[in-house]
Amino acid sequence: MITMATVWLDGCSGCHMSILDMDEYLIEIFKRATLVYSPLVDHKDFPEMVDLTLVEGAVSSTDDLAKIKKVRQHTKTLVALGDCAVTGNVPGMRSMFPVSAVMERAYVENADINPGAPTQKIPPLIARVRPVHQIVPVDLVVPGCPPSAKTIAYVLDRLIAGEPVDSAEIARFG
Amino acid sequence: MESHELDELAARERTRQGDYHHQIGVCVGSGCASSRSPQIRAALEAEAKKHGHACRVKGVGCMGLCGAGPMVSVDDDEVLYQHVSESDATRIYAGLEKGEPVEDLVIANDTPFFTKQVRVVRRNAGKIDPDRIEDYIAEGGYSALRKALTEMTPEEVIDEVRTSGLRGRGGAGYPTGLKWSTVSKMKSPQKYVICNGDEGDPGAFMDRSVMESDPHLILEGMAIAGYAIGATQGYIYVRAEYPLAIERLKNAIKQARKYELLGENIFGTDFDFSIEIRLGAGAFVCGEETALIASIEGKRGSPRPRPPYPAESGLWGKPTLINNVETFANITAIIEKGSAWFSSIGTEKSTGTKIFALSGKITNIGLIEVPMGISLGEIIYDIGGGIPDGHEFKAVQTGGPSGGCIPAVHLEVSVDYESLKALGSIMGSGGMIVMDDTASMVEVAHYFMEFSKSESCGKCIPCRVGTAQMYDLLALIISGEATSADLQLLEDLCEMVRDTSLCGLGQSAPNPVLSTLRYFREEYEALLVDAKPVEAK
Amino acid sequence: MSVKTLKMDGKDLSAREGDTILQVAEENNIYIPTLCHLDGLADVGACRLCVVEIKGRRGFQPACSTVIEEGMEVVTNSETLQKYRRLILELLFVEGNHVCAVCVSNRHCDLQDLAVKVGMNYTRLAYRAPVRDMDLSHERFGFDGNRCVLCTRCVRVCDEIEGAHTWDVRGRGIEASVITDLDQPWGESLTCTSCGKCVQVCPTGALFQKGKSAAEMVKQATFVTYLKSMRESKK
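A brief report on the enclosed structure follows. Just so it is clear, the structure is predicted and the values come from calculations on it, not from any experiment. (Residues numbered from 1 in each chain as written. Chains lettered and ligands numbered in written order. Predicted model: local features only at pLDDT ≥ 70, side-chain atom pairs only at ≥ 80, totals over all residues. Heavy atoms only, no water.)

## A short note on the interface of chain C and chain A
Basically, it comes down to this: What makes two residues a contact is simply this: any of their non-hydrogen atoms within 4.5 Å. A 1.4 Å probe defines the accessible area here, and the buried area is the portion of it lost by two parts on being joined, summed over both. The salt bridge criterion pairs a side-chain nitrogen of Lys or Arg with a carboxyl oxygen of Asp or Glu, the two atoms within 4 Å. Any pair of N or O atoms that falls within 3.5 Å is considered a polar contact. Within protein, one atom must be able to donate a hydrogen and the other to accept it, and sequence-neighbouring residues count only if both atoms are side-chain atoms. Strands are runs of DSSP state E lasting at least 2 residues, helices are runs of H or I lasting at least 4, and numbering of each runs from the N terminus.
With 25 residues of chain C at the interface, the matching set in chain A holds 19 residues. Roughly 1900 Å² of surface becomes buried between chain C and chain A when both sides are summed, with 61% attributable to carbon and sulfur atoms. Broken down residue by residue, the surface that chain C buries against chain A is led by Val116, Asn121 and Tyr127 of chain C, which jointly contribute 32%. Linking chain C to chain A there are one salt bridge. Here Asp113 of chain C makes a salt bridge to Arg172 of chain A, at a shortest N to O gap of 2.7 Å. Taken together, the connections running from chain C to chain A amount to nine residue pairs in polar contact (both at pLDDT 80 or more). If you tally residues by element for the side of chain C that touches chain A, the top one is helix α3 (residues 110-118) of chain C, at four residues.

## Topic: the packing of helix α8 (residues 154-164) of chain B against helix α14 (residues 325-337) of chain B
All names here are of chain B. Put simply, the test is: Each axis is a line fitted through C-alpha atoms, and for a helix only the stretch in contact is used; angles between axes span 0 to 180 degrees, taken between their N-to-C directions. Roughly parallel refers to an angle under 35 degrees, roughly antiparallel to one over 145, roughly perpendicular to one between 65 and 115, and oblique to any angle outside these ranges. Gly falls in the polar group here, along with every residue not listed as nonpolar (Ala, Val, Leu, Ile, Met, Phe, Trp, Tyr, Cys, Pro) or charged (Asp, Glu, Lys, Arg).
Taken N-terminus to C-terminus, the directions of α8 and α14 make an angle of 105°; their axes are 10 Å apart at the nearest point. With respect to α14, the axis of α8 lies roughly perpendicular. Residues Val157, Glu160, Val161 and Ser164 of α8 form the contact with α14, whose own contacting residues are Ile331, Ile334 and Ile335. Residues that form the contact of α8 with α14 fall into these classes: five nonpolar, one polar and one charged.

## Things to note about the packing of helix α20 (residues 484-500) of chain B against helix α22 (residues 511-525) of chain B
Residues and elements named next belong to chain B. The N-to-C vectors of α20 and α22 enclose an angle of 175°; their axes lie 12 Å apart at closest approach. Classified by the angle their axes make, α20 and α22 are roughly antiparallel. Together, Leu487, Leu490, Glu491, Cys494 and Arg498 of α20 and Val513, Leu514, Leu517, Arg521, Tyr524 and Glu525 of α22 make up the contact between the two elements.

## Some words on the interface of chain B and chain C
Frequently, the measure chosen for interface size is the accessible area that the parts lose on association. With 33 residues of chain B at the contact, the number on the chain C side is 32 residues. Here chain B and chain C share an interface that buries about 2900 Å² over both sides, 57% of which is from carbon and sulfur atoms. In terms of surface lost to chain C, no three residues of chain B exceed Ile461, Arg464 and Gln469 of chain B, which account for 21% of the buried area on that side. Taken together, the connections running from chain B to chain C amount to five salt bridges. Of the charged contacts, one joins Arg464 of chain B and Glu95 of chain C as a salt bridge, the two residues approaching to 2.7 Å between their closest N and O atoms.

## Some details on a nonpolar patch on the surface
Counted only if it meets this: Patch membership needs two things, relative accessible area over 30% and no salt bridge, and members are linked within 9 Å if like-charged or within 5 Å if nonpolar (Val, Leu, Ile, Met, Phe, Trp, Tyr). Residue burial considers only the protein chains on display, and all accessible areas are found by Shrake-Rupley using a 1.4 Å probe. Here the term buried applies to any residue with accessible area under 20% of the maximum for its type, exposed to any over 50%, and partly exposed to those in between, with areas from a 1.4 Å probe on protein chains only.
A cluster of nonpolar side chains, Met17, Leu20 and Leu40 of chain A, forms an exposed patch at the surface whose accessible area comes to about 250 Å². Residue class for Met17 of chain A comes out partly exposed when judged on its relative accessible area of 45%.

## Focus: the pattern of salt bridges
Evaluated as defined, the whole model comprises 53 salt bridges over all chains. Where Arg278 of chain B meets Glu276 of chain B, a salt bridge forms, and the shortest distance between an N and an O atom there is 3.0 Å. Taking the shortest distance from any N to any O, the salt bridge between Asp144 of chain C and Arg147 of chain C comes out at 3.4 Å. The pair Asp144 of chain C / Arg147 of chain C is uniform in exposure class, with both members buried. Several salt bridges share partner residues, and in doing so they unite Glu13, Arg16, Arg56, Arg132, Glu134 and Asp135 of chain B into one network.

## Let's talk about the packing of aromatic side chains
The criterion, for reference: A pair of aromatic rings is counted whenever rings of Phe, Tyr or Trp (Trp by its six-membered ring) have centres within 6.5 Å, and the orientation is called stacked for planes under 30 degrees apart, edge-to-face for over 60 and tilted otherwise. In this scheme, Lys NZ or Arg CZ marks a charge over a ring once it lies within 6 Å of the ring centre and within 35 degrees of the ring normal.
Within this structure, the stated rule accounts for 17 aromatic pairs over all chains. Arranged with centres 5.0 Å apart and planes meeting at 65°, the rings of Tyr37 of chain A and Phe46 of chain A form a pair that is edge-to-face. Ring centres of Trp167 of chain C and Trp186 of chain C lie 4.9 Å apart, and the angle between their planes is 70°; this geometry places the pair in the edge-to-face category. Here Trp167 of chain C is found in strand β8 (residues 167-170), whereas its partner Trp186 of chain C is found in the loop between β9 (177-180) and α5 (197-201), with 19 residues between them in sequence. As far as the burial class goes, Trp167 of chain C and Trp186 of chain C line up, both buried. In this structure an aromatic cluster arises from ring pairing among Phe141, Phe143, Trp167 and Trp186 of chain C. Positioned over the ring face of Tyr242 of chain B is Arg208 of chain B, at 5.8 Å from the centre of the ring. Here the guanidinium or amino end of Arg239 of chain B rests over the ring plane of Tyr242 of chain B, the centre of that ring lying 5.2 Å away.

Have a look at this one:
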């Protein structure tokens, strides 16, 4: 039995939906792995060491930065799951504009009430959205928006069994 | 013009010049012209008028020591004056009358800067008035063309060029005779000769100087080439940033046509040859031959894959000979004095001389012409006068954005095509930028990459995006935020861009990085943050 | 027509004189990735994805525009070539703003397919995130500069096949881009015949038909091959 975690950075949660889309196969997976940390379960702190962590989402804020560095430290095998984690994808589309212009657009121009960017609670955005592997070393990238349930099942089966993953099988953006 | 008329004209001109007591030459090259040499010339002419025209004041081409400009010569190079100003005109004349040069302006002409040079291409520079064809003819001009047309077959001309060992002076060093012979063998009713005057390397001004100082030398070389390969039309492609060179060339073409040294039935033979000028619109890549040809054709100046080479299918699909300015400027001497004489200069594989533009942290800034095979150290320390302000020599950059840096340990290297290449640099067109111990080699690489990035035409991906990424990585390294993984990525990009780019611009764009990495890797590494390689599997 | 023999990846092959390495490879089921090449348009050798190694020749040569020679020995897929092709694709993906998830050509995009075939599934390079314009001024078609890879297929099809020469390239280096007429809005172009050939040959979602969903926006570039062969048979 291995320990497994999933992490949600800047993404739409579609990759997590795809994980859930494995449906009854989830039962097969969890016969071999215990989910110790995830937005889908109620653990507050990332454990001391996790065998396998799937990361959804790009690195967009100082909070993401701190989180992914911590996760990397406490993970044996780190998987960047989905296009946001692998390329920046949709969250990355704001990289062409200065952060101030993005905030202005979101919180002032498009605000119906109380225009103004939040100053508390919301972690500051970093200048450019980065894929996970450009911040910390990543052991496997799984592109796709989202990667299909089948792909995720394939990847998990291989990784839990300690076998290598053929990246040609899983190399497709979009 | 008939054959004998050339000699008569030369004799007439020599007599005319001999009637002057003195000849004062004022450099009218771009360098000196930018520090008021035309005004100095006017002041000296006004002075000459006062003294009853016993002296001839003439504009002359570059004398080489551009850093000491404006330069004035008296009776060829008997006395050389430096940093002359308009107010010095009276003193210079007074000196002539007394027979005593103006001490504080004199620059010694027996220093290694002058004595160690061998002037073949630049033999007339500083001597003749580039705006007067008669001056050129008086020095034996157009007799090489006459010799080729009246005494030699085209095959003999090509043989002479081939056995001279002359290689392309644009930088790549392709054997000129071989190129000529390839084009000559093409069966086509129409062929073209193109002179590549799109000199664009930062720190390079050799070709500009040849065009400004001795334009007829190029025209004559081109006409000989036209005869050899069977072309009747030539084009000189000059960058528009060289207005003075363009003006001189235009004027030279006009004069040559007037004397029927260009046009129809040259020297009474059935050889016709015309030359037109085409201007480059500011793109460095148009120095690449296929881009240059596209530009002459009125198309976007971007290169195309070779083969077919221009020798086969060039301008308007016709066989085309394309050589650099300095290459054509070597031709008359080869025809006149013979290939054996030419190949006695230089090394076995790199014959003749090469002009270099010395700039950067060096005492004598300017143009030099040296025999191939001279050591780099002789150029830097003897001719160049060493490094000023008590600093140490660190490296010399040759070949511009396509070349590389050569460090102090290789100062003994023989300056020839093969030796420079073996060191990771290239002969290039002749720019030499000298750097002292204060230079950051990473910044040097960054500077040249910025140049390549902005001059890439954008056609092929490796060059278009690769140069931009390499530039950003170099900036990241300089900012102190790069990791060793970034340096690895930079090296991977260098190799790929070098090996897969479409034309020479992209293929050589990584050279400044690769060569500084080869000799100064520790400077790159010192800038890296201590980070583990970031790498996914 | 004479026959030439050559070696490709160790296999002895015979081919027609004048054929390119790419043609010979395709006829013999040897895969060489291409992007700017389109059968029926003049080859420009610009994308460099099809570069191959030829024994005895310096550097690497584009398969699309290198004509075979007797006795030639070609390597189409060495380790170095794989590395280089991957890196070239990485350069393309970071150059523009290629966001497959929101692209009308998602799932039928040459660039996306190439990434699969070359095995390019992430890049170490920094995304450039350039600010690029869209041109939606044409009644039926749209241009999204964010997705353009500057293959110039549109430029060539418009010039060589349609004869309108509406498209061309402006600027240089990383700033280069395709334009209509003299960089005027496409919808105001005096030369555009609205034939839509450019849209069909565009390998990515840069050129698209308005009002089509990603599932509908399937392009048919093969008409160029057909047109060219019909025109040639007429001559």
